[in-house]
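Summary of the model geometry
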Amino acid sequence: MLYLNAMSNILVAYDEHRGIGAKNDLPWGRSLPGDLAMFKRLTLGTSVIMGRKTYESIGQPLPGRENIVVSRNPSLDIEGVICVNSLAAALHAATHEAFVIGGSQIFQEALPTTDTIYATEVKATFIDADTFFPELDDDRWVEVQRIHNRAQPGKDSYDYDFVKYVRDQTPNGNR
């Protein structure tokens, strides 16, 4: 059964300069377990769509999710993963609610058809960030929820906010 969701969700974590990656990893590494727990909570039982480089940075299919990898390489064959050549094909292949989880190129492509963005906004700047999330047009996106999380010794190394943005449905984005 196809989920037939013409729209997708975006799930992203970025720093104060919108950095999402550094040398094919998160700029902050694994120092935000609270963010990783939220990622798992939101995506379990869903379809996660990612580019090839994002998949390679993870290193294996994410358990409990339908993993869909977008790649220009038509011969890409990964056990436990659906491999497709476009975001449109990924959305068509999804059999559950879809979350686009990276990287920057697929985020850019997904923005026009996305209704909801779940962002973790990390309250730090990482100078080695080499991959970035696109700027959001304030006339098109409305913040509907923000939950602040403080750094905690032995747990989360940085302050961060969970933020939910939805596409403005008013005509011409005028509020």
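In this report, we go over the structure that sits alongside the text.

Cut-offs applied
- Residues numbered from 1 in each chain as written.
- Predicted model: local features only at pLDDT ≥ 70, side-chain atom pairs only at ≥ 80, totals over all residues.
- Heavy atoms only, no water.
- Phe/Tyr/Trp six-rings, centres within 6.5 Å; stacked < 30°, edge-to-face > 60°.
- Helix = DSSP H or I, 4+ residues; strand = E, 2+ residues; numbered from the N terminus.
- Buried < 20%, exposed > 50% of the residue type's maximum accessible area, 1.4 Å probe, protein only.
- Lys NZ or Arg CZ within 6 Å of the ring centre and 35° of its normal.
- Core = buried A, V, L, I, M, F, W, Y, C linked by side-chain atoms within 4.5 Å.

The final tally for this structure, using the stated rule, is six aromatic pairs. Judged by centre distance (5.6 Å) and plane angle (55 degrees), the rings of Trp-28 and Phe-126 are tilted. With a gap of 98 residues between them, Trp-28 in the loop between strand S2 (19-21) and helix H1 (33-43) and Phe-126 in the loop between strand S7 (114-122) and strand S8 (131-132) connect regions that are remote in the sequence. Residues Trp-28 and Phe-126 agree in their burial class; the two are buried. Judged by centre distance (5.2 Å) and plane angle (80 degrees), the rings of Phe-126 and Tyr-158 are edge-to-face. With a gap of 32 residues between them, Phe-126 in the loop between S7 and S8 and Tyr-158 in the loop between strand S9 (141-149) and strand S10 (160-167) connect regions that are remote in the sequence. Residue class for Tyr-158 comes out partly exposed when judged on its relative accessible area of 27%. An aromatic cluster is built from Tyr-14, Phe-107 and Phe-133, whose rings are joined through pairwise contacts. Between Arg-18 and the ring centre of Tyr-14, over which it is positioned, the NZ or CZ distance is 4.5 Å.

This part is about the nonpolar core. In terms of nonpolar packing, the biggest core is built from 26 residues, with Ile-10, Val-12, Ile-49, Val-100, Ile-117, Phe-133 and Tyr-165 touching the most fellow members. Those elements that place two or more of their residues in this core are strand S1 (8-14), strand S4 (66-70), helix H3 (87-93), strand S6 (98-102), helix H4 (104-110), S7 and S10. With four residues, the top contributor of residues to this core is H3. Leu-11, Met-50, Val-69 and Tyr-118 belong to the second-largest nonpolar core, a separate cluster that totals 11 residues.

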